[in-house]
Amino acid sequence: MPSVDFSKINTTEGYHFTDTEKAWAVSAVRRLSTLTNSCAAPDDFSRIIRTVRKAVAAGFCGRDRHGIHPLLHDLATACSLCERVSPDRSMTIAIIMSRLCRHGCMSSDIVNKEWGEDVGHLVDGLTKVAGLYDRGASASVDTENFRNLLFTFAQDIRVIIIMIVERLELMRTINHHPDQVFVREVAREAGYLYAPLAHRLGLYAIKSELEDMSLKYTNRDIYTKIARKLNETKASRDAYIAAFIAPVKKKLEQEGLKFDIKGRTKSIYSIWNKMKKQRVDLDHIYDLFAIRIILDTPLPKEKSECWLAYSLITDMYRPNPSRMKDWLSIPKSNGYESLHITVYGPDERWVEVQIRTKRMDLVAEKGLAAHWKYKGIKSENNLDAWMNNVRDILETAESGPMELMKNMRMDIYDKEVFVFTPKGDLYKLPFGATVLDFAFHIHSGLGCRTTGARVNGRNEKLNYRLSSGDTVEIMTSSTQTPKRDWLGMVVTSKARNKIRASIKERENRQAELGKELLERRFKNRKLEIDDSLLMKLIKKMGYKTVTDFYNDIASENTDINDVIGVLESLQENKAPEPTERVSAEEFALYKSPDPDGQTSDILIIGDNVKGLNYKMARCCNPIYGDDVFGFVSAEGVIKIHRADCPNARNIREKSPYRIIDTRWSGKIGTQFAATLNIVGTDDIGIVTNITSIINKHNNVSLRSINVNSQDGLFQGNVLVGISDTASLDNLIKKIKTVKGVKDVVRSK
């Protein structure tokens, strides 16, 4: 791309080119046409030019906010791709078309129709990757998750290669850019992400240039100091290299080897790393350069001639065995092959010599296999396996590496999703994770208070499943607490364990409260209960755990008065239960004559009836005088229900064969439990007046009273022990006479 004075660029001028840029663009198109002559269709470039001209005329593709013209940048990227990597039709067209798609000049459907599905696939990947930067994702570029997300969005290894080359051209363009914050951000991204990726893909020349420019933009003083020092010593260094090469060249020629030999100064970034590692200045770094011997030999003789050259050089100069690197016998995982030796040269200086063939040198300079063992980068087994597969395919390629890349789909992270926070922080979650998983992943306390989220600006529920690239803002409430149904909304063990722990902790606190309420009521009633009786009571009431029992008391799902009634029933029932179960037909029933002279089976209950195992049902608490019926339970116990019991209809419909006509045997001395619901005005002394009437009434005892007052209204549930319905009716009438009492009814 031509040198640009960004200080004179007006970003509001949109798509206008300077004269220099126009001339460069014409030259770039011609160069690109020549580079792709072997792979492009005859009319490809004429069609591209027509498309671009229409876009420019329509006002698309204007300069970005940094003054960079996107079309010129894309042309430079396409040329660099063909020169530095490999000419490829689909990749070249995709570089230019993806920009037009992102600017709204054309749709992906048109790209597929006009240029083919392969180009459309690459355009889609480039568009998705560009979307990461539009969301401000560059804040997370120095994280492992961002690299993984980049692979997820790219979908194709060719998209990654394009992005590496595009960053290289961007780094070249911004050398004199006035916005230093922007320059440092791009340099940091190139140094952390794209240079290692270039190394892993075997693009060593690009990797070195990215690293050098990254150092230049982030630490210009160090870069300038090393560059100046190398400049000052260039003449002496060139002379030394020539003196070292001369005898080596003569010896190789004597053996009849065809070769090219050259000296190469190490990159500034590599020198800076060596200075930091060895903690010395530049004057004490001796291996600033390397000698490279490139043999022109057929494939069957490659290894033998490389080892021959090695033997000749080590005969002339003393080698350092500890510095030898044999990537000839065992190539690197990215396909790199070479023989590196360090020898003691003239003037007692160590010199590195690299021995390789033309084929090996081509792979080293333009390699496309993956090297996932880069220094300092954590290796991942799935990436290793996938990229080693790339290498195997490339090594057997006959139609060119880029042709094979079409079939390489990057689904290595299809079991994970990568999600952003509004600040740009990036998190990795398993595939299928929801908003609730994300909240608990950030912090357990945040998860417990989550009510929903804004995902990409839209309100979503707790069970919304996240996709890679989503930006999630969690919404919370101080009153929110984890619910049991949350367990069905999460897929991560962290969220599931925290939800269970939180629910259990809350239930335990509530159970403690319920226990305190029950113990206080027992104390007020002067009731004592041992653990065995309590467990029997809890089991009788149908609870599986003590915690559930106390929770229901605390949440008022179970009335404490009912608990006390069951307790008294257990304490009063001293008769042993029969050891054998009996059916309704086995009970001895009283034969009662009907008015027409016929007889019917009727169960007689009362104090003078012996040998029958019957109990008063707790759901309706029948007392002497009520119309009742018997129901034979599965345990063989007859439950006595009131005729107007809330459960009567259900019982008669489901099990009519278990119903037994029942009547009382006569006057019974036992007191029965009855609950009165009292409503009235919340006046002073109303409770005292009610209890006074109950205490004065013959054959009536007050067992418990539960009173609530709200908005001036008095509501009370009074449990009394009473002998029959006549006494109960009389008591109700007397309570109704109390001042302020509006209504008294017997509870069903």
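Residues numbered from 1 in each chain as written. Predicted model: local features only at pLDDT ≥ 70, side-chain atom pairs only at ≥ 80, totals over all residues. Heavy atoms only, no water.

## Thoughts on helix α9 (residues 180-200)
Next, step 1: Spanning 21 residues, α9 covers 29 Å between terminal C-alpha atoms, matching the ideal 30 Å at 1.5 Å per step.
Next, step 2: For α9, the principal kink sits at A190 and spans about 40 degrees.
Next, step 3: N-cap assignment for α9: the residue whose side-chain oxygen lies 3.3 Å from the backbone N of V181 is D179.
Next, step 4: Looking one or two residues past α9, G202 carries a phi angle of roughly 80 degrees, positive in sign. (Helix = DSSP H or I, 4+ residues; strand = E, 2+ residues; numbered from the N terminus. Expected span 1.5 Å × (residues − 1). Bend = angle between axes of the 7 residues up to and from the residue. Polar contact = N/O pair within 3.5 Å; in protein donor to acceptor, adjacent residues only side chain to side chain.)

## Description of the packing of helix α4 (residues 89-102) against helix α5 (residues 108-115)
Next, step 1: One way to put it is that α4 packs onto α5 with a least axis distance of 11 Å and a crossing angle of 150 degrees. When the axes of α4 and α5 are compared, the pair comes out roughly antiparallel. Relative to α5, the crossing made by α4 is right-handed. Residue-level contacts link R89, I93, M97 and C101 of α4 to S108, V111 and W115 of α5.
Next, step 2: Considering only residue class, the contact of α4 with α5 consists of 5 nonpolar, 1 polar and 1 charged. (Axes fitted to C-alpha atoms, helices over the stretch in contact; angles between N-to-C directions. Parallel < 35°, antiparallel > 145°, perpendicular 65-115°, else oblique. Left-handed = near helix turned anticlockwise from the far one by under 90°. Contact = heavy atoms within 4.5 Å. Nonpolar A, V, L, I, M, F, W, Y, C, P; charged D, E, K, R; others polar.)

## Digging into the packing of aromatic side chains
Next, step 1: Scanning the entire structure with this criterion turns up 8 aromatic pairs.
Next, step 2: Judged by centre distance (4.7 Å) and plane angle (55 degrees), the rings of Y344 and W350 are tilted.
Next, step 3: Between Y427 and F438, the ring centres sit 6.0 Å apart and the planes meet at 80 degrees, which makes this aromatic pair edge-to-face. One end of the pair, Y427, is in strand β8 (residues 426-430); the other, F438, is in helix α18 (residues 435-442), and 11 residues separate them in sequence.
Next, step 4: For the cation-ring pair, R47 lies above W115, with the distance from its terminal atom to the ring centre recorded as 4.0 Å. (Phe/Tyr/Trp six-rings, centres within 6.5 Å; stacked < 30°, edge-to-face > 60°. Lys NZ or Arg CZ within 6 Å of the ring centre and 35° of its normal.)

## Here we look at the confidence of the model for the chain
Caution applies to low-pLDDT parts of the model: their predicted coordinates are not meant to be read in detail.
Next, step 1: Summarising the model, the chain shows a mean pLDDT of 79, and 81% of its residues fall at 70 or more.
Next, step 2: Averaged over each element, pLDDT in the chain is lowest for strand β12 (residues 590-593) (43) and highest for helix α14 (residues 302-316) (93).
Next, step 3: Note on residues 11-15: pLDDT under 50 across the span, and 13 contacts to partners over four residues away in sequence or across chains.
Next, step 4: pLDDT under 50 marks residues 368-388. Its contacts with residues more than four places away, or in other chains, come to 64 contacts. (pLDDT = per-residue confidence, 0-100.)

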